[in-house]
Amino acid sequence: MNSSLMLRRFFCFNSKTTAVAATSSTSSKKKPLVFLGSPQVSSTVLDALFEASKAPNSLFEVAAIVTQPPARRDRGKKLMPSPVAEFALDKGFPSDLIFTPERAGEDTFLSNLRALQPELCITAAYGNILPTKFLNIPPLGTVNIHPSLLPLYRGAAPVQRALQDGAKETGVSLAFTVRALDAGPVIAYKTLEVDDQIKAPDLLALLFSEGSKLLIHELPSILDGSARLKAQPQDDSKVTLAPKISVEESWLSFDQEASVLHNKVRAFAGWPGTRAKVAIVDNENGHHNIVDLKIITTRVCNHSIVQGDEMDDISYVKDSLVFPCGRSTALEVLELQLPGKKVFRAAAFWNGLRGQKLKKL
């Protein structure tokens, strides 16, 4: 039996197990809740739910988990369960109570979910569209933790797009899920100031951490139905979108201002990263060697530069590579990476040039 089939069986429900789970849930005084999430940041929310469900006065229990199917990850391309599934199993959550449907509209999956009779579903970066057939199952609805101040940045990449735009403020929203993307009534939100050096993975983790606290605080009102009454409709006139990021967007264009490039480096950190082509020039024979650099950490040079005849020259100043940019600005690159190599500090990279010139393309 191949590993893919084994993992699919490992994480799938069977009808007998579901019936037993449904019986135990209905016999319990606690309301059954189903959690949907996939990446590592979702585990923060699941952990908060696990801890809150243990409290003596808890109104709910985590009856099941829904996550993305096993996928090939890391260099070995080994088939692995999602980070949420791994986290749940490490916590001792039963493997037969973890759903891994390819799509949330699959009939078998929906049948098994109905058998559990969940009162409420919670989503946090699940990664699949939820059809009406799914949304009709939990009587208290489905509540999503969305890392933006809705209706701002609806879509797949709210944190990345906010950073790319240079947003000084963002936040996390708790909203009911409807068929339209991220358009449901908002139960509560929390606002955060955005540090001008923070990168997308760190901001995402921070927002989901705050989102989990917000969720636990609001759960009593969600479970007694009062949250539905107080939830505020979104103002559709203020909607902005956060479309999925593509690999093609990762290239840096140095005719843009340094602040625009710095924000892009922060936004695309983690995935897909940001890249630039540079030329290493031998001073003796003028030979050019073109290299593809991954730009890891940057900051905006705090003083403007005047571009002369050597406007393509990259200089080295105070532990950073200084790239001339548009409108006489400059970007300081503090960390970078060559293909197949570890991340370098700028000083180590510069020393490795052994006196050769560096030019931007």
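For clarity, every value in this text was computed on a predicted model and none was experimentally measured.

**Some details on the packing of aromatic side chains**
Move 1: Here the structure, examined in full by the defined rule, presents six aromatic pairs.
Move 2: Between phenylalanine 50 and phenylalanine 87, the aromatic rings sit 6.5 Å apart at their centres with planes inclined by 15°, giving stacked as the arrangement. With phenylalanine 50 in helix H3 (residues 40-53) and phenylalanine 87 in helix H4 (residues 83-90), this pair connects stretches of sequence that are 37 residues apart. The residues phenylalanine 50 and phenylalanine 87 share a single accessibility class, namely buried.

**Observations concerning the sheet that holds strand S7 (residues 142-146)**
Move 1: Pairing within the open sheet is mixed, and its seven strands lie in the order S5-S2-S1-S6-S7-S8-S9. Each of the sheet's edge strands pairs with one partner strand only, and the pair in question is strand S5 (98-99) and strand S9 (186-193).
Move 2: Examined bridge by bridge, strand S8 (residues 169-176) and S9 share seven bridges and lie antiparallel to one another. When the bridges of S9 are listed, glycine 171 appears paired with threonine 191.
Move 3: The strands touched by H3 within the sheet are strand S1 (31-37), strand S2 (60-66), strand S6 (120-124) and S7, with S2 carrying the most contacts at an inclination of about 150°.

**Section: unusual backbone geometry**
Move 1: Cis peptide bonds are those with omega within 30 degrees of zero, and the linkage from leucine 150 to proline 151 qualifies with 15°.
Move 2: Relative to the assigned elements, proline 151 resides in the loop between S7 and helix H7 (158-164).
Move 3: In this model, tryptophan 271 is joined to proline 272 through a cis peptide bond whose omega is -5°.
Move 4: Tracing the backbone through its elements, the reader meets proline 272 in the loop between helix H10 (258-267) and strand S10 (274-281).

**Examining the pairing of S6**
Move 1: Counting buried positions over the five residues of S6 gives five, a clear majority of the element.
Move 2: The alternating pattern of S6 places Leu120, Ile122 and Ala124 and Cys121 and Thr123 on opposite faces, both of which are buried.
Move 3: As paired strands, S1 and S6 are joined by five bridges and run parallel to one another. If you follow valine 34 over to S6, its bridge partner there is cysteine 121.

**Quick notes on H3**
Move 1: For H3, built from 14 residues, the straight-helix expectation of 20 Å at 1.5 Å per residue is met to within 8% by its first-to-last C-alpha distance of 20 Å.
Move 2: Counting buried residues in H3 gives 10 out of 14 residues, a clear majority hidden from the surface.
Move 3: For H3, every residue scored as buried is listed here: Val41, Ser42, Ser43, Val45, Leu46, Ala48, Leu49, Phe50, Ala52 and Ser53.
Move 4: The inward-facing, buried residues of H3 contact S1, S2, H4, S6, S7 and helix H8 (200-223).

**Comments concerning the pattern of salt bridges**
Move 1: Within the structure shown, the criterion is met by 14 salt bridges.
Move 2: The partner of arginine 299 in a salt bridge is glutamate 332, and the shortest N-O contact between them spans 3.0 Å. Of this pair, arginine 299 sits in strand S11 (residues 288-300) while glutamate 332 sits in strand S14 (residues 330-337), and the two are 33 residues apart along the sequence.
Move 3: In this structure glutamate 332 comes out as buried when scored by relative accessible area, which is 10%.
Move 4: Of the charged contacts in the structure, one is a salt bridge between aspartate 312 and lysine 360, with a shortest N-O distance of 3.8 Å. Placement of the pair is aspartate 312 in the loop between S11 and strand S12 (315-317) and lysine 360 in strand S16 (residues 357-360), with a sequence separation of 48 residues.
Move 5: Overall, lysine 360 belongs to the buried group, its relative accessible area being 12%.

**Comments concerning H8**
Move 1: Between the first and last C-alpha of H8 there are 32 Å, a value that for 24 residues agrees with the 34 Å anticipated at 1.5 Å per step.
Move 2: The sharpest bend along H8 measures roughly 40° and falls at histidine 217, with the proline proline 220 sitting one to four residues further on.
Move 3: The positive-phi residue at the C-terminal boundary of H8 is glycine 225, with phi of around 90°.

**As for the packing of H3 against H8**
Move 1: Contact geometry of H3 with H8 gives a least axis separation of 8 Å together with a crossing angle of 25°. In terms of their interaxial angle, H3 and H8 are classed as roughly parallel. As for how H3 packs across H8, the hand of that crossing is right-handed. Seen from H3, the contacting residues are Val41, Thr44, Val45, Ala48, Leu49 and Ala52; seen from H8, they are Leu204, Ala205, Phe208, Ser209, Ser212, Leu215, Ile216 and Leu219.

**As for the environment of alanine 242**
Move 1: Here alanine 242 shows up in the loop between helix H9 (226-230) and H10.
Move 2: In this structure the C-alpha to C-alpha distance between alanine 242 and serine 148, which are 94 residues apart in sequence, comes to 9.9 Å.

**Details of the packing of H3 against H4**
Move 1: Where H3 contacts H4, the axes come no closer than 8 Å and their chain directions differ by 35°. For the pair H3 and H4, the sense of crossing is right-handed. Facing H3, whose interface residues are Gln40, Ser42, Ser43, Leu46, Asp47 and Phe50, H4 presents Pro83, Val84, Phe87 and Ala88.
Move 2: Along the lines of polarity and charge, the residues of the contact of H3 with H4 split into six nonpolar, three polar and one charged.

Calculation rules
- Residues numbered from 1 in each chain as written.
- Predicted model: local features only at pLDDT ≥ 70, side-chain atom pairs only at ≥ 80, totals over all residues.
- Heavy atoms only, no water.
- Phe/Tyr/Trp six-rings, centres within 6.5 Å; stacked < 30°, edge-to-face > 60°.
- Helix = DSSP H or I, 4+ residues; strand = E, 2+ residues; numbered from the N terminus.
- Buried < 20%, exposed > 50% of the residue type's maximum accessible area, 1.4 Å probe, protein only.
- Pairing = 2+ DSSP bridges.
- Contact = heavy atoms within 4.5 Å.
- Axes fitted to C-alpha atoms, helices over the stretch in contact; angles between N-to-C directions.
- Expected span 1.5 Å × (residues − 1).
- Salt bridge = Lys/Arg side-chain N within 4 Å of Asp/Glu carboxyl O.
- Bend = angle between axes of the 7 residues up to and from the residue.
- Parallel < 35°, antiparallel > 145°, perpendicular 65-115°, else oblique.
- Left-handed = near helix turned anticlockwise from the far one by under 90°.
- Nonpolar A, V, L, I, M, F, W, Y, C, P; charged D, E, K, R; others polar.

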